[in-house]
Amino acid sequence: MVLAGLSLAIFLMLELLPGNLVDVLLGENARPEDIKLLETQLGIDKPLVERYLHWLGQAVSGDLGRSPLSGEAVVDAIAHRLPVSLQLMVYAQLLALLIAIPLGMIAGYREGSRLDGTITGAAFGVLAVPHFVLGLLLILVFAIWLGWLPATGYVPWSEGVWNSIRSLTLPAVTLALVEAPVYMRLLRSDIADTLREPFIAVARAKGLPEWYILLRHALRPSSFSLITVMGINIGHLIGGAVIIETLFALPGVGRLLIEAITQRDYVMLQGVVLFIGVAFVFVNLLVDVAYAVLDPRVMRHGT
Amino acid sequence: MARKARSFFTNRRYLILPLGWISLVVALAITAPWLPLPNPTEMDFAHPESHPSFAHWFGTDLDGRDIFARAIYGARVSLIVSLGAPLIGLIAGTLLGLIASYCSGWIRTIILACLDAMLAFPSLVFALGLTVVLGPSVQNVTLALGIMSIPAFARIARSHALPLLGQEFVLAARTAGASNAYILFREILPNMVMPLLTYVLTIMSVMIVAEGSLSFLGVGVPPPTPSWGGMIAEGREALERVPHASLIPAVILFLTVLSLNLIGDALRQEKFGHSGGLS
């Protein structure tokens, strides 16, 4: 239902774009016969509804058409770019969790302490730095001044795993630093709430060590908001981190989107945008499943 | 009211800094045409990439344009976008949110479905697409970002309106024969003005970053109009030689966003701290 509406919205939005594809391909001084011929070839002369249903039918069977500019099939183009975006997404999420979980747990456990204040304050400051500014700073310090890591470009897995990871480190750290404060704040307040629950008091009364209570009893029920927001982020990042991929010159899905926009390649644009929307809806579905795995109570309440 | 405001500030003296910074940026942005500034779009190829000096306080960029003047004119863009876009979102979003909480049946279903479809999209990609459709200009960037913020405002409006609808004073108004429009705009709306305005502050900083991102990607405010995001993007090409061409607008952007966040956060705390007031 949501997907049908989404596909219709994408189709209409791009149909209504100014700037006809035929003009792009043939230039402004094209002869009328040529225009007519190309329109028939591309199927633009048919009515709107018919074209939408045709496009949707093909999209469902996994064919998003061919880019009239490069001749590349849209599905192939996305499949080609997807590994880069996925690798970046996984790397960045792992780093973000690695930063956010320990800090969030400490801050939540010592809520109101000076340590909590320092961590929360630092997170507040980092939150005010936009992606592209943070990325730029990291490039300046670690690539230009210190020369530890490459500033831009992507090395595929096939040319060495280590170099591939190195090429993605700066972009992943940028993304992780932007997302970690959000995760940290969510986890902090949820942990602090959970620690006031009776079952924590029971665990303490049993004489269990504090670290055990934190890790085994408190972390799991406190991770719901974290997982929700992470799901939203992952859904977005599958569609490529547009800014990060542009800044670091990574050939991911986000780059593909920007290229399609600047070249006015509407067939490609439609396909990529539809892919991003579907990926987002799909990931959110997975997040709902993850709730049930983490806390079986959700399943019983839901059904 | 005045006493309340005084206690709000005595508890938060640190707010002087963010308030001062925002006032400075706004004042400079408004008075920019009357200030003795170098022309922000005039290129001086004799002095490109110069370091900060007395003639050029913040130095010059790659094309020899004065960074100080460009930063101030860039603030005008940020100001227009960060006031205009939330205003569009506030008006349209509140209206939709009110209707979606008051009406039932197919009207509510359609509004909520549309809002969900908009939210199912990375907001930047959404704004990007809209800006491309509308064509790059300051007005269109504002419009695109405004439309982008509608679903969020609608959700907040709805979440505040729903509990109010069940209260006695609404029932009393209805019993007294008030029309639907009267109840919505004279009874419900005044009760949710404060949370919505607090949210405007949060959204303002989001909008400044979003405009910066669009301009950074080259689809926002078109050159030669200076904007902070555009300045950072242009300076990136010579990051090794003249880092200040990128870093100065970046620091200004950071300070502005941080100030707005600090003020917004303080207002939110105030709201949750003293519940039970009339607003």
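Residues numbered from 1 in each chain as written. Chains lettered and ligands numbered in written order. Predicted model: local features only at pLDDT ≥ 70, side-chain atom pairs only at ≥ 80, totals over all residues. Heavy atoms only, no water.

## Here we look at the overall build of chain B
In plain terms, the rule: Numbering goes from the N terminus for both helices and strands, where a helix is a DSSP run of H or I of at least four residues and a strand is a run of E of at least two. Throughout this description, buried means an accessible area under 20% of the type-specific maximum (1.4 Å probe, protein chains only), exposed means over 50%, and partly exposed covers the range between. Contact criterion: two residues are considered in contact whenever any of their non-hydrogen atoms come within 4.5 Å of each other. To be clear on the numbers: accessible area is Shrake-Rupley with a 1.4 Å probe, and residue cover counts the displayed protein chains and nothing else.
Check the secondary structure of chain B and you find 11 helices and 0 strands. Ordered by position in the sequence, the α and β elements of chain B form the string α-α-α-α-α-α-α-α-α-α-α. Taken across its 279 residues, chain B has 47% of its residues classed as buried. Relative to all contacts within chain B whose residues are 6 or more apart in sequence, the contacts with residues 24 or more apart total 71%. Only carbon and sulfur atoms are counted for the fraction: they give 67% of the accessible area of chain B, which is about 13500 Å².

## Topic: the environment of Phe124(A)
The residue Phe124(A) is located in helix α6 (residues 114–127) in this model. Of the residues examined, Phe124(A) reaches a relative accessible area of 13% and is grouped as buried. Spatially, the C-alpha atoms of Phe124(A) and Gly231(A) are 22 Å apart, while their sequence positions differ by 107 residues. Leaving out residues up to four positions away in the same chain, Phe124(A) has contacts with Arg185(A), Leu258(B), Asn261(B), Leu262(B) and Asp265(B).

## Concerning the nonpolar core
For clarity, the threshold we go by: For the purposes of this section, nonpolar cores are sets of buried Ala, Val, Leu, Ile, Met, Phe, Trp, Tyr and Cys residues that join through side-chain atoms within 4.5 Å.
Residues Leu257(A), Leu145(B), Ile188(B) and Trp228(B) are the most contacted members of the largest nonpolar core, which totals 139 residues. Counting residues per element, this core draws most heavily on helix α5 (residues 74–109) of chain A, at 12 residues. If sequence neighbours within four positions are ignored, Leu257(A) has contacts with Val242(A), Leu269(A), Val272(A), Val273(A), Ile276(A), Val125(B) and Leu128(B). Core analysis: the next-biggest nonpolar cluster, separate from the first, contains 5 residues, Ala100(B), Leu115(B), Ile150(B) and Ala154(B) among them.

## What to know about the packing of aromatic side chains
Let me state the cut-off plainly: Only Phe, Tyr and Trp rings take part, Trp by its six-membered ring, and two of them pair if their centres are within 6.5 Å. Stacked means planes under 30 degrees apart, edge-to-face means over 60, and tilted covers everything else.
Tallied over the full model, the rule gives 3 aromatic pairs over all chains. For the pair Trp211(A) and Tyr212(A), a centre-to-centre distance of 5.8 Å together with 85° between the ring planes defines the contact as edge-to-face. Since its relative accessible area comes to 57%, Trp211(A) is described here as exposed. The exposure class assigned to Tyr212(A) is partly exposed, which follows from its relative accessible area of 31%. Ring centres of Phe153(B) and Tyr199(B) lie 5.2 Å apart, and the angle between their planes is 80°; on these two criteria the pair is classed as edge-to-face.

## Observations regarding the packing of helix α13 (residues 253–262) of chain A against helix α14 (residues 266–294) of chain A
All names here are of chain A. Heads up, the condition is: What counts as an axis is a line fitted to C-alpha atoms, over the stretch in contact for a helix, and the angles between N-to-C directions run from 0 to 180 degrees. Should the near helix be turned anticlockwise from the far one by less than a right angle, the crossing is termed left-handed; should it be turned clockwise, right-handed.
α14 packs onto α13 with a crossing angle of 145° between their chain directions and a minimal axis gap of 9 Å. In this structure, α13 meets α14 at a crossing whose hand is left-handed. Along the contact surface, α13 presents Val-253, Leu-256, Leu-257, Ala-260 and Ile-261, while α14 presents Met-268, Leu-269, Val-272, Val-273, Phe-275 and Ile-276.

## Overview of the interface of chain B and chain A
Test applied: In short, buried area is how much 1.4 Å probe accessible area vanishes from two parts on joining, totalled over both. Any pair of N or O atoms that falls within 3.5 Å is considered a polar contact. Within protein, one atom must be able to donate a hydrogen and the other to accept it, and sequence-neighbouring residues count only if both atoms are side-chain atoms.
Every contact between the two is made by 33 residues of chain B and, on the other side, 30 residues of chain A. Together, the buried faces of chain B and chain A total about 2900 Å²; carbon and sulfur atoms form 87% of this surface. Viewed at the interface, chain A and chain B are joined by 0 residue pairs in polar contact (both at pLDDT 80 or more). Of all the secondary-structure elements, those providing two or more residues to the side of chain B that touches chain A are α4 (106–119), α5 (123–134), α9 (193–217), α10 (228–236) and α11 (243–273) of chain B. If one sorts the elements of the side of chain B that touches chain A by residue count, α11(B) sits on top with 11 residues.

## Details of unusual backbone geometry
The phi dihedral of Ala249(A) falls on the positive side, at around 50°, and the residue is not glycine. Looking at the secondary structure, you find Ala249(A) in the loop between α12 (242–247) and α13.

## Description of α13(A)
Within α13(A), 7 of the 10 residues are buried, which leaves it mostly tucked inside the rest of the structure. Of all the positions in α13(A), only Val253(A), Gly254(A), Leu256(A), Leu257(A), Ile258(A), Ala260(A) and Ile261(A) are classed as buried. In the core, the buried residues of α13(A) are packed alongside α5, α11 (224–238), α12 and α14 of chain A together with α5 and α9 of chain B. Positioned one or two residues after α13(A), Arg264(A) has a phi angle of 55°, which is positive.

## Quick word on the environment of Thr228(A)
Residues and elements named next belong to chain A. Its place among the elements puts Thr-228 in helix α11. Thr-228 sits in the partly exposed class, given a relative accessible area of 29%. Here Thr-228 is in contact with Val-287 and Tyr-291, once residues within four sequence places are set aside.

## Topic: the confidence of the model for chain A
Stated formally: Per-residue confidence from the predictor is reported as pLDDT, a score between 0 and 100.
When the pLDDT values of chain A are averaged, the result is 77; 75% of them are 70 or greater. Ranking the helices and strands of chain A by mean pLDDT puts α5(A) first, with 86, and helix α2 (residues 21–26) of chain A last, with 55.

## Details of the confidence of the model for chain B
Caution applies to low-pLDDT parts of the model: their predicted coordinates are not meant to be read in detail. Residue and element names in this part refer to chain B. On average, residues of chain B score 78 in pLDDT, and 85% of them are at 70 or above. The element-level mean pLDDT for chain B is lowest in helix α1 (residues 2–10), coming to 65, with helix α3 (residues 67–102) highest at 86. Considering only residues more than four positions removed or in separate chains, one finds that residues 274–279, a stretch of pLDDT under 50, has 2 contacts. For this predicted complex, the interface confidence reaches an ipTM of 0.73, while the overall pTM sits at 0.78.

## A closer look at the environment of Met89(A)
Note on placement: Met89(A) falls in helix α5. Separated by 83 residues in sequence, Met89(A) and Ala172(A) have C-alpha atoms that sit 7.5 Å apart.

## Focus: the packing of helix α7 (residues 131–145) of chain A against helix α8 (residues 161–194) of chain A
Residue and element names in this part refer to chain A. For the record, the criterion: Just so you know how the angles are binned, under 35 degrees is roughly parallel, over 145 roughly antiparallel, 65 to 115 roughly perpendicular, and the rest oblique.
Between α7 and α8, the shortest axis-to-axis distance is 9 Å and the interhelical angle comes to 135°. Compared by their axis directions, α7 and α8 come out oblique. In the packing of α7 onto α8, the handedness of the crossing is right-handed. Judged by residue contacts, His-131, Leu-134, Gly-135, Leu-138, Ile-139, Phe-142 and Ala-143 of α7 engage Leu-170, Val-173, Thr-174, Leu-175, Leu-177 and Val-178 from α8.

## Describing a nonpolar patch on the surface
All names here are of chain A. Definition in use: Like-charged residues are merged into a patch within 9 Å and nonpolar side chains (Val, Leu, Ile, Met, Phe, Trp, Tyr) within 5 Å, provided each residue has over 30% relative accessible area and no salt bridge. A pair is scored as a salt bridge if a Lys or Arg side-chain nitrogen falls within 4 Å of a carboxyl oxygen belonging to Asp or Glu.
Side chains of Trp-157, Val-161, Trp-162 and Ile-165 sit close together on the surface and give an oily, nonpolar patch of about 430 Å² of accessible area. One can find Trp-157 in the loop between α7 and α8. Owing to a relative accessible area of 44%, Trp-157 belongs among the partly exposed residues under this scheme.

## Considering the pattern of salt bridges
Any two side chains of opposite charge can pair, given that their charged atoms come close. Residues and elements named next belong to chain A. This structure, assessed with the given rule, holds 6 salt bridges over all chains. When the shortest N-O distance is used, the salt bridge between Glu-210 and Arg-204 registers 2.8 Å. The class for Glu-210 is partly exposed, based on a relative accessible area of 29%. Take Arg-204: its relative accessible area is 35%, and that puts it in the partly exposed class. Measuring nitrogen to oxygen at the nearest pair gives 3.8 Å for the salt bridge that ties Arg-255 to Glu-259.

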